[in-house]
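The primary structure of each chain is shown beneath.
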Amino acid sequence: MTDLQQTDPNRNDHDDLVTRIRQLDYEYYVLNESSLPDAEYDRLMQKLISIEAAHPEWVRDDSPTQRVGGQPQAGFTQVQHEVPMLSLDNAFSDEDLAAFYKRLQDRMNTTDALELACEPKLDGIAISLLYEDGRLVRGATRGDGTTGEDITANVRTIRSIPLSLRGDGWPKVLEVRGEIYMPRQGFERMNAQALEQGEKVFVNPRNAASGSLRQLDPQLTAKRPLEMCCYSVGRVEGGSLPETHYDTLNALAGWGLKINDESRVVTGLDDMLAYYQRMLGRRDDLTYEIDGIVYKINRFQLQQRLGFVSRAPRWAIARKFPAQEEMTRLLDVEFQVGRTGALTPVARLEPVFVGGVTVSNATLHNMDEVERIGVHIGDTVIVRRAGDVIPQVVRVVDDQRPVDAKAVELPAACPVCGSAVERVEGEAVSRCTGGIHCDAQRREALKHFVSRRALDIEGLGEKLIDTLLEKGLLHTPGDLFELTADQLVELDRMGEKSANNVINAIDAAKQTTLPRFLYALGIREVGVTTAANLAQHFGGLEKLWSATEETLLEVDDVGPKVAAHVRHFFEEPNNRLEIERLVGLGLTWPDPAPASGSMPLSGQTWVVTGKLEALSRDEAKDYLQRLGAKVAGSVSAKTSQLVAGPGAGSKLKKATDLDVPVMDEAAFLDVLREHRLWQ
Ligand code: 5U1
């Protein structure tokens, strides 16, 4: 291999480096596997940039350095799609799908079971990519199906789109079609940042993807977390493709394009319906939003025989999932006080069925957001419920405002304790200044303290906390450890057995971990990951307790704001007293695992799939990273271990095919226990 440290590189060094970075991009962005730490990748990229600065004559337009183009454009030029980009007919029920299947059989004059390829329908923007001689020469929007817009400069910035195709065997001219989308996590992160900075948020990932692609400055598009998943081909010249849709998708994957790993071939209507149900059940677990399932006759020859009507093929259909956005009326806005005193405007709605459940409350985030969407009480609004995210009011339906609509106003005093409400300069949130004296903040702090990712005290739910607060038995977390079964038995609907169970659970929670304890304290902006990083960095509470802001800034993921919150928390005498009291009452934890070097899972790559019960996939990932493992999004021969929960699909199959060891959640929790990360 090339010595990348060499000071006077030659052309071969350059080409090797381009190949290496392309391979890393492919592994990371297409296969979701990372085989190098980010810092090492950055080092290689810097090396390439400096070689190309010294030798501009070596730079090809498919070099990894050439993704983000120079100047913003004045506008987008039009492109003609030589093969029209079709749209899809929709099926809204099982009956619609059955009717589609029957039409196919009738047209093909058969009662035999038919073979269809099926895959999730991504909620994104349809795009055409044109490759000539294996090089990406054009990216275009669908437009009206015949005329779209040239967005080549923008699609080049998307790292899951190869600038040149891998391997060989691709047709000389190959037009690939698919969807550009924004994965949920990137969307939520982007919107959370925008909310915090008082900027405009996007209504949904689809709008975010569309807005990002319509930027005239590709530098802006490059900053957006976009991906592309391919689902069909258009123009094909100077070469041939396999005979079926499914095999073609796999050929595209072999040429380095991203395809959906949930794609399957099914035979007959029953299997089509079963695939729909299975994906509907997994909808919220996917890392991207889908709005249905697309079914296509698998064999191209049969597709040709069936042809199309107006703009939709007869051989394909989209079976839509229940909508995730619906219209309803805003009846009132109330303000909820959170653990840190933040006042959140909550919309009380006329109940509406959306995203599979009836919704009557939704968040409006903060007053900036209320103003931005311009909502009034009485308005007709669009409510969105997608994934695990709480329902939100995303938009007002124009022209439907009643004459008696009322503006939403921030209360001057906390609706729970009457303390003044203040808004910190530069922050979008307003807070109650009552602190622990505010019943709402106290209640939320206690709920947080016992919650699953904190001390995880089973049987101590919201209702019991409310009763204990009402009866004056609970004020601060320490009080929990002084409760007795006799006191609990006195409460309504609390038998002796339940009382003992609660006391035992409280007792068991005394043996905890430092990350859990730190998280449980509810320090502002210290979530599970930051708590784990703090614990790992300082190795014990005493050092963290007396750490300066400067030292805190050395911790992964800790910026000036978090450092100030941590410092402020430990400077507060009441907090110190409460921690000392908790330790005095018997709370203990082992020292965290060593910081680096010989981590228990160093050098291993793990993949987590399916639904986990005891922890979320993000938490599982956190734990694995803390043990030194790399966590990848897909299975390959390099995967060391797959953790598979119920509903695991293609990843489990691939792991079995590749002889990758598989464990279920119970075995995974045992691994965490072994390393004292789980009880
Ligand atoms: N997954 C998928 N989405 N989607 C959208 N496949 C698919 N096929 C489409 C469209 C418009 O059109 C085909 C008929 C080529």
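Residues numbered from 1 in each chain as written. Predicted model: local features only at pLDDT ≥ 70, side-chain atom pairs only at ≥ 80, totals over all residues. Heavy atoms only, no water.

Okay, the sheet that holds strand β26 (residues 662-663) next. Reading across from one edge, β24-β23-β25-β26 is the order of the 4 strands in this open sheet, with parallel pairing throughout. In this open sheet, the two edge strands, each paired with only one partner strand, are β24 (630-632) and β26. Note: strand β23 (residues 605-609) against strand β25 (residues 641-644), 4 bridges, orientation parallel. Within β25, the residue paired with W606 across the bridge is Q641. (Pairing = 2+ DSSP bridges. Helix = DSSP H or I, 4+ residues; strand = E, 2+ residues; numbered from the N terminus.)

At a minimum axis separation of 10 Å, helix α12 (residues 439-450) and helix α13 (residues 462-470) run at an interaxial angle of 135°. As judged from the angle between their axes, α12 and α13 are oblique. For the crossing formed where α12 meets α13, the hand is right-handed. Of α13, the residues touching α12 (which contributes R442, R443, L446, K447 and V450) are E462, I465, D466 and L469. Along the lines of polarity and charge, the residues of the contact of α12 with α13 split into 4 nonpolar, no polar and 5 charged. (Axes fitted to C-alpha atoms, helices over the stretch in contact; angles between N-to-C directions. Parallel < 35°, antiparallel > 145°, perpendicular 65-115°, else oblique. Left-handed = near helix turned anticlockwise from the far one by under 90°. Contact = heavy atoms within 4.5 Å. Nonpolar A, V, L, I, M, F, W, Y, C, P; charged D, E, K, R; others polar.)

Another point: helix α22 (residues 573-584). Given a rise of 1.5 Å per residue, 12 residues ought to cover 16 Å, and the 16 Å separating the end C-alpha atoms of α22 matches this to within 8%. Taken together, the buried positions of α22 are E578, I579 and L582. Buried residues of α22, viewed axially, fall in a sector of 100°; they line one side. Facing away from the buried surface of α22 by more than 90 degrees, the exposed residues are P573, L577 and G584. Those residues of α22 that are buried lie in contact with α12, α14 (477-480), α17 (514-520), α19 (541-545) and α21 (560-571). Positive phi appears at G586, one or two residues downstream of α22, with a value of about 110°. (Expected span 1.5 Å × (residues − 1). Buried < 20%, exposed > 50% of the residue type's maximum accessible area, 1.4 Å probe, protein only. Arc of directions from axis to C-beta.)

As enumerated under the stated definition, the model contains 2 cavities of 30 Å³ or more in all. Of the volumes computed, that of the largest cavity is approximately 80 Å³. What lines the largest cavity is simply R453, T513, P515, R516, Y519, V528, E619, Y623, R626 and L677. At the level of elements, α17 and α23 (617-626) are the ones that each hand at least two residues to the lining of the largest cavity. Grouping the amino acids of the lining of the largest cavity by side-chain chemistry returns 5 nonpolar, 1 polar and 4 charged. (1 Å grid on protein atoms, 1.4 Å probe; cavity = no way out; pocket = protein on both sides within 12 Å on 5 of 7 lines; lining within 4 Å. Points joined across faces, edges and corners; volume = space filled by probe spheres on them.)

Around the ligand lies a shell formed by L86, L88, E119, P120, Y231, S232, V294, K296, P313 and W315. At a separation of 2.6 Å, a nitrogen atom of the ligand approaches a polar side-chain atom of E119. Note that a nitrogen atom of the ligand is positioned 3.3 Å from one of the backbone N or O atoms of P120. Here the ligand has 370 Å² of accessible area as a free molecule, and 88% of this is covered by the chains. Broken down by secondary-structure element, the contributors of at least two residues to the shell around the ligand are β3 (115-122), β8 (227-237) and β10 (290-297). Classifying every residue of the shell around the ligand by side-chain character gives 7 nonpolar, 1 polar and 2 charged. (Near = heavy atom within 4 Å. Polar contact = N/O pair within 3.5 Å; in protein donor to acceptor, adjacent residues only side chain to side chain. Areas by Shrake-Rupley, 256 points an atom, 1.4 Å probe, with all protein chains shown as cover.)

This part takes up the domain arrangement of the chain. Domain boundaries in the chain define domain 1 (11-66), domain 2 (80-320), domain 3 (325-407), domain 4 (433-584) and domain 5 (605-674). Here domain 3 and domain 5 have C-alpha centroids that lie 38 Å from each other. (Domains from an automatic or database assignment.)

Glancing now at the packing of aromatic side chains. All chains considered together, the criterion is met by 9 aromatic pairs. Taken together, a centroid distance of 4.8 Å and an interplanar angle of 20° make the contact between F517 and W589 stacked. Residue F517 is found in helix α17, and its partner W589 is found in the loop between α22 and β23; the two are separated by 72 residues along the sequence. Grouping residues by exposure puts F517 and W589 together as buried. Over the ring of Y276 we find R319, and its NZ or CZ is 4.0 Å from the ring centre. (Phe/Tyr/Trp six-rings, centres within 6.5 Å; stacked < 30°, edge-to-face > 60°. Lys NZ or Arg CZ within 6 Å of the ring centre and 35° of its normal.)

Our next topic: the side chain of E179. Among the structural elements, E179 can be located in strand β7 (residues 173-181). The side chain of E179 sits in the buried core without any salt bridge; K121 is the nearest counter-charge, 5.3 Å away. Polar side-chain contacts of E179 include one of 3.3 Å to the side chain of Y231. In contact with E179, other than residues within four places in its own chain, are L122, D123, G124, I125, A126, E227, M228, C229 and Y231. (Lys, Arg positive; Asp, Glu negative; His and termini not counted. Salt bridge = Lys/Arg side-chain N within 4 Å of Asp/Glu carboxyl O.)

For the structure on display, the rule yields 41 salt bridges. Here R11 and D15 are joined by a salt bridge, their closest N and O atoms 3.6 Å apart. Of this pair, R11 and D15 both sit in helix α1 (residues 11-30), 4 residues apart, roughly one helical turn. A residue is classified by how much of its surface remains accessible, and R11, at 36% relative accessible area, is partly exposed. Between R60 and D62 there is a salt bridge, and its shortest N-O distance comes to 2.7 Å. For R60, a relative accessible area of 40% puts it in the partly exposed group. Classification of D62 by relative accessible area gives buried; the value is 3%.

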